[in-house]
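Chain by chain, the residues:
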Amino acid sequence: LAHVHEQAERDGTRDVLRAWRSRTRLVTWILMVVAGLSGFGAALAVLGDGGRPVNVVWTLGGLLGVHLFSLLLWAGGLGLGGEASGGAFGRAWLWLSRKVAPGDSDAVLVPRALLGLLAPAGLVRWWLGAVTHGLWLVALCGASLGLFVAFSVRSYGFVWETTILPAEAFVAFLEGLGRMPAWLGFSIPDAETIRASGARIIDDEAGRLAWSSWLFGCMVVYGIMPRALLWVGCLVRLRAGCR
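Now for a quick tour of the structure. (Residues numbered from 1 in each chain as written. Predicted model: local features only at pLDDT ≥ 70, side-chain atom pairs only at ≥ 80, totals over all residues. Heavy atoms only, no water.)

This brings us to the packing of aromatic side chains. Counting across every chain of the model gives 5 aromatic pairs. Both rings, one in tryptophan 211 and one in tryptophan 214, keep their centres 5.4 Å apart while their planes meet at 85 degrees; by these two values the pair is edge-to-face. Placement of the pair is tryptophan 211 and tryptophan 214 together in helix α9 (residues 205-242), with a separation of 3 residues, close to one helical turn. By relative accessible area, which is 0% here, tryptophan 211 ends up buried. A connected cluster of aromatic rings, assembled from ring pairs, spans Phe151, Tyr156, Phe158 and Phe216. (Phe/Tyr/Trp six-rings, centres within 6.5 Å; stacked < 30°, edge-to-face > 60°. Helix = DSSP H or I, 4+ residues; strand = E, 2+ residues; numbered from the N terminus. Buried < 20%, exposed > 50% of the residue type's maximum accessible area, 1.4 Å probe, protein only.)

Take a look at the structure:
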């Protein structure tokens, strides 16, 4: 092993690897900033400026819809292996890490060699999966921060709307979504508040606090927690496989 390290130092391989790692760290930080700002901006966009009531169903769908859809795609592609199972963010990160390498340098071969090492052990899915879930985690934390900032400086009324569905269906649906956040201590609207929100805008203090806590709780339980667990799980599988 010592001979291999000495050879790598003599032929410049170690320098190429160090340079590639430095560039990929920069790419990772850039994507993290973009993901965080995108999540923050998405939260402000779906809530609006407070001039109109917040439709709780549309708001939650706008914040978690793409996340849940991408999660299903990742789970479906998990059995495919390779780059296809790493998720969109993971593939974007890998593509950028290749593009930042100088074209006349051996650095363009580093990610290709790394894929060649990880693929036979089935570790590419966990490597790129860790990147994907990590960036989604940053985006969802940014969205939660956006909710907190907006709720702190603006007053919102809350409502849900339907034309053809019975009101009790929405009551059962919203109560069901709030059950797991309630286990973690988040306040959720009671059945009477949910029913009232379908008939008029809830803008009293107790109703606003209950609905805002419900939104926060759903973001944590159905957004942040799954991504955090999957991110940690991918890292554990990757490190165990690399050993």
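Before going further, it helps to spend a moment on the side chain of serine 213. Among the secondary structure elements, serine 213 is positioned in helix α9. Within the local environment of serine 213, its side chain forms a polar contact with the backbone nitrogen of serine 187, the two atoms lying 2.8 Å apart. Contacts of serine 213, omitting those with residues within four sequence positions, involve Phe186 and Ser187. (Polar contact = N/O pair within 3.5 Å; in protein donor to acceptor, adjacent residues only side chain to side chain. Contact = heavy atoms within 4.5 Å.)

Quick look at the environment of phenylalanine 170 now. Residue position: phenylalanine 170 is located in helix α7 (residues 167-183). Each C-alpha atom of the pair phenylalanine 170 and isoleucine 194 lies 8.2 Å from the other, and the pair is 24 residues apart in sequence. When sequence neighbours within four positions are dropped, the list of residues in contact with phenylalanine 170 reads Val57, Trp160, Glu161, Thr162 and Leu165.

The next point concerns the packing of helix α3 (residues 56-77) against helix α6 (residues 124-153). For the pair α3 and α6, interaxial distance at closest approach is 11 Å and the crossing angle is 170 degrees. Between α3 and α6, the angle falls in the class roughly antiparallel. Mapping the contact onto sequence places Leu63, Leu64, Val66, His67, Ser70, Leu71 and Trp74 in α3 and Trp126, Gly129, His133, Trp136, Leu140, Ala143 and Leu147 in α6. Grouping the constituent residues of the contact of α3 with α6 by class yields 10 nonpolar, 4 polar and no charged. (Axes fitted to C-alpha atoms, helices over the stretch in contact; angles between N-to-C directions. Parallel < 35°, antiparallel > 145°, perpendicular 65-115°, else oblique. Nonpolar A, V, L, I, M, F, W, Y, C, P; charged D, E, K, R; others polar.)

In this section: the nonpolar core. Judged by nonpolar contacts, the single largest core of 35 residues is most densely connected at Phe158, Trp211 and Trp214. The set of elements that each furnish at least two residues to this core consists of α2 (13-47), α3, α6, α7, α8 (191-197) and α9. If near-sequence neighbours (up to four positions away) are discounted, tryptophan 211 is found in contact with Val56, Phe158, Trp160, Leu174, Pro189, Thr193, Ile194, Ser197 and Ile202. Core analysis: the next-biggest nonpolar cluster, separate from the first, contains 17 residues, Leu94, Val124, Trp127 and Leu238 among them. (Core = buried A, V, L, I, M, F, W, Y, C linked by side-chain atoms within 4.5 Å.)

Glancing now at a nonpolar patch on the surface. The grouping of Leu145, Phe148, Val149 and Val153 at the surface amounts to a nonpolar patch, some 380 Å² of accessible area in total. With respect to the helices and strands, the residue leucine 145 is situated in helix α6. (Patch = residues over 30% accessible without salt bridge, like charges linked within 9 Å, V, L, I, M, F, W, Y side chains within 5 Å. Areas by Shrake-Rupley, 256 points an atom, 1.4 Å probe, with all protein chains shown as cover. Salt bridge = Lys/Arg side-chain N within 4 Å of Asp/Glu carboxyl O.)

With that settled, the discussion passes to the packing of α2 against helix α5 (residues 110-118). Geometrically, a packed helix pair is captured by the angle between its two axes and the distance between the axes. Between α2 and α5, the least distance of the axes is 10 Å, while the angle of their chain directions is 95 degrees. Looking at the two axes, α2 sits roughly perpendicular to α5. Across from Val16, Leu17 and Trp20 in α2, the residues of α5 making contact are Val110, Pro111 and Leu114. Here the residues of the contact of α2 with α5 are counted per class, giving 6 nonpolar, no polar and no charged.

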